[in-house]
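# Descriptive analysis of the structure
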Amino acid sequence: MKHLYKLTIKEASDKLYRGEITSVELVNSVMERIEQIEDKVGAYITVTRELALEQAKKSDERRKKGRVLSPIDGIPIAVKDLFNTKGVRTTAASKILDDFVPQYESTATKKLWDAGAVLVGKTNLDQFAMGSSTETSAFKTTKNPWDLSRVPGGSSGGSAAAVAADMCIAALGTDTGGSIRQPASLCGIVGLKPTYGRVSRYGVNAMASSLDTIGPMTKTVEDAAILLNIIAGQDKYDSTTLATKVPNYLSSLGQDIKDLTIGIPKEFYGKGMDSEVDMIVKNAINIFKERGIKVVEVSLPSVKYALDVYYIIVWAEVASNMARYDGIRYGHSKIKNQKLVSSKSEGSKIKNLEDVYITSRTEGLGDEVKRRVMLGNYVLSSGYYDAYYKKAQQVRNLVKQDFEKVFKNVDILLTPVSPTAAFKIAEKTDNPLQMYLSDIHTVPINPAGVPAMSIPAGFTKNNLPVGIQLIAPQCGEETIFKLASAFEKVTDFHKQRPNL
Ligand code: GLN
């Protein structure tokens, strides 16, 4: 059978079930695809070919004995290189973790392997997930498979590109302010940021702990439901995980949507939005209207502050979380075997412990990370704490309350994901503010903690994919799945694949 790499989780799982293919064949096909196009796309930091084949063989053996573990048993999945994977190099796309091999497994990935999934490799990202284009990676910039001169979005750009270019069957990403949804939109795939606390963050390098979430990046809405079923749930290693029962998300698919009301928050439309994106989003709204859904305009007045609030909180939490990368315990270091390592020119610089910290961090961390650590320490410092950090937390509450209020009247919100389609490589690297603005529509969701999904909704005249964002109240993933699957059923944007 040819081109198995094109399959979705559901299709591959059915074929495995019927005995038409083996997991080893599937993995070989995905590996061949990676060999053919990885040079062009650059989606991976590490490809785990041998491990994948080993896991696939085991899956096939289990299947022969009738001991299939789950719908993802034997399915090749890619993982953003921010998840700690035991025995597999995990870099966070930073030099400071260049040769770091974790001794433990993140909960989300452990759940994948316990369900029989196969690890294809670790995907590229913005360094420590800070960025919107993968350009802050210390290793490479991933290219958008739809146009290799453009970015795939970020920070989970490697995962998004790998899914879009069929270099894996599905992937995991993380989303602190848009890092699943924005690259999903820019690469034409499905990306779900679940409710904060729905999926354990244990073992995933923390960026901003009160905003970080983990979710599926897939070719279809159904595949996202399959993956969320597996990774969701309370975890004793992450006290912020929710105790609420995890529903079977698959049962939301194809359900009646006629009684639902969609809210169109006016703050997400207008200034700065590309006209083609505007048209695509309006077209999507019409598709829902044609299905008999009520659509009403709503307002979230505090959302205009969300980007400012987001960055102050992110900087503060980043400054705190990054303190552990000190060049002593692990990662890039100026001290090895209790001896200072210094080249001749550095000899004079490294004299004591503080010099070790400073030099290790100066060499190991990228510019965007440093920028955030410095700004974070600034907004947390005495005298500024009340003016910035405390104020940001207060306004964060207002943003949250706006969402709570609006969801008393509507079931879901529909907005653009990003104001534009994929931008050119290097177009925004010299202008952090421009880069930050590309997340203007995804960022407000994380301070509110609610779930949101990006689904493919159209293409620009340059054949670049554009997604729409569906936002639900706390633990409202089922409503998202209902509407997203209904949309997918009557459109074929998700079936388009880039020509590579
Ligand atoms: N682009 C946003 C940022 O740089 C979001 C990143 C993320 O969600 N990890 O902060």
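Okay, so let's go over this structure.

The next point concerns the sheet that holds strand β8 (residues 294–298). Each strand in a sheet pairs with its neighbour through backbone hydrogen bonds, running either in the same direction (parallel) or in the opposite one (antiparallel). Spatially, the 11 strands line up as an open sheet ordered β1-β3-β2-β4-β6-β5-β12-β13-β11-β7-β8, and their pairing is mixed. Across the chains shown, the open sheet's two edge strands, defined by having one partner strand only, are β1 (44–47) and β8. When the angles between neighbouring strand axes are averaged without regard to direction, this sheet yields 30°. Of the strand pairs in this sheet, strand β2 (residues 76–80) and strand β4 (residues 170–175) are connected by three bridges, and their pairing is parallel. Directly across from Ala 78, in β4, lies its bridge partner Ala 171. The sheet strands contacting helix α15 (residues 477–489) are β5 (190–193), β7 (261–265), β11 (412–416), β12 (452–459) and β13 (465–471), and the helix crosses β12 at an angle near 15°.

Attention shifts here to the site of the ligand. Around the ligand sit 15 residues in total, of which Thr 176, Gly 177, Ser 179, Tyr 310 and Asp 439 are the nearest. More than half of the atoms belonging to the ligand lie within 2 Å of the grid points that define the largest cavity. Its residues assigned to classes, the shell around the ligand shows five nonpolar, seven polar and three charged.

Enumeration according to the criterion identifies 19 salt bridges in this entry. With a closest N to O distance of 2.9 Å, Asp 278 and Lys 282 form a salt bridge. Placement of the pair is Asp 278 and Lys 282 together in helix α8 (residues 275–290), with a separation of four residues, close to one helical turn.

Moving on: empty space enclosed by the protein. For the structure shown, the criterion picks out three cavities of 30 Å³ or more. The volume enclosed by the largest cavity comes to roughly 80 Å³. Its boundaries defined by the atoms lining it, the second largest cavity holds a volume of some 60 Å³. If you go around the second largest cavity, the residues you meet are Leu 82, Ala 129, Thr 174, Thr 176, Arg 201, Val 204, Asn 205, Met 207, Asp 212, Thr 213 and Ile 214. Taken together, the residues of the lining of the second largest cavity break down into five nonpolar, four polar and two charged.

The next point concerns the nonpolar core. One finds Ile 72, Leu 112, Phe 128, Phe 403 and Leu 414 to be the most contacted residues of the largest nonpolar core, which totals 149 residues. Considering every element that reaches this core, the biggest residue donor is helix α9 (residues 306–321), with 10 residues. Not counting residues up to four positions away in its chain, the partners in contact with Phe 128 are Leu 82, Ala 92, Ser 94, Ile 96, Leu 97, Asn 205, Met 207, Met 322, Tyr 325, Leu 365 and Val 369.

Okay, the packing of aromatic side chains next. With the rule as written, the count across this model stands at 17 aromatic pairs. Look at Trp 146 and Phe 459: their rings are 5.1 Å apart centre to centre, the planes differ by 55°, and that puts the pair in the tilted class. Here the residue Trp 146 occupies a position in the loop between β3 (118–123) and α5 (157–164), and Phe 459 occupies one in strand β12, the gap between them amounting to 313 residues. In this structure, Arg 89 packs its charged tip against the face of Phe 139, placed 5.4 Å from the ring centre. For Lys 428, the ring lying beneath its charged end belongs to Phe 423, and the centroid distance is 4.4 Å.

Its place among the elements puts Val 151 in the loop between β3 and α5. Residue classification places Val 151 among the buried residues on the basis of a relative accessible area of 0%. Placed 126 residues apart in sequence, Val 151 and Val 277 show a C-alpha to C-alpha distance of 17 Å. The contact partners of Val 151, leaving out residues within four places of it in the chain, are Ser 133, Glu 135, Thr 142, Asn 144, Ala 422, Phe 423, Lys 424 and Ile 425.

A word on the layout of surface pockets. The computed volume of the largest pocket comes to approximately 520 Å³. Considering the residues around the largest pocket, the lining is formed by 21 residues, among which Glu 267, Lys 271, Leu 437, Ile 440 and His 441 are closest to the centre. Those elements that provide at least two residues to the lining of the largest pocket are α9 and α13 (432–437). Grouping the amino acids of the lining of the largest pocket by side-chain chemistry returns 11 nonpolar, six polar and four charged. In this model, the second largest pocket occupies a volume close to 390 Å³.

Most of β13 sits out of view: seven of its seven residues are buried. Going residue by residue along β13, you find Pro 465, Gly 467, Gln 469 and Ile 471 tucked away on one face and Val 466, Ile 468 and Leu 470 tucked away on the opposite face as well. For β11 and β13, the ladder comprises four bridges, and the chain directions are antiparallel. Bridge pairing links Leu 414 to Leu 470 in β13. Turn length for the β12-β13 hairpin, with the two strands adjacent in sequence and antiparallel, is five residues, and the turn residue Asn 463 shows positive phi of about 65°.

Cut-offs used in this document
- Residues numbered from 1 in each chain as written.
- Predicted model: local features only at pLDDT ≥ 70, side-chain atom pairs only at ≥ 80, totals over all residues.
- Heavy atoms only, no water.
- Pairing = 2+ DSSP bridges.
- Helix = DSSP H or I, 4+ residues; strand = E, 2+ residues; numbered from the N terminus.
- Axes fitted to C-alpha atoms, helices over the stretch in contact; angles between N-to-C directions.
- Contact = heavy atoms within 4.5 Å.
- Near = heavy atom within 4 Å.
- 1 Å grid on protein atoms, 1.4 Å probe; cavity = no way out; pocket = protein on both sides within 12 Å on 5 of 7 lines; lining within 4 Å.
- Sits in = over half its atoms within 2 Å of the grid points.
- Nonpolar A, V, L, I, M, F, W, Y, C, P; charged D, E, K, R; others polar.
- Salt bridge = Lys/Arg side-chain N within 4 Å of Asp/Glu carboxyl O.
- Points joined across faces, edges and corners; volume = space filled by probe spheres on them.
- Core = buried A, V, L, I, M, F, W, Y, C linked by side-chain atoms within 4.5 Å.
- Buried < 20%, exposed > 50% of the residue type's maximum accessible area, 1.4 Å probe, protein only.
- Phe/Tyr/Trp six-rings, centres within 6.5 Å; stacked < 30°, edge-to-face > 60°.
- Lys NZ or Arg CZ within 6 Å of the ring centre and 35° of its normal.

Just geometry here; none of it tells us what the structure is for.
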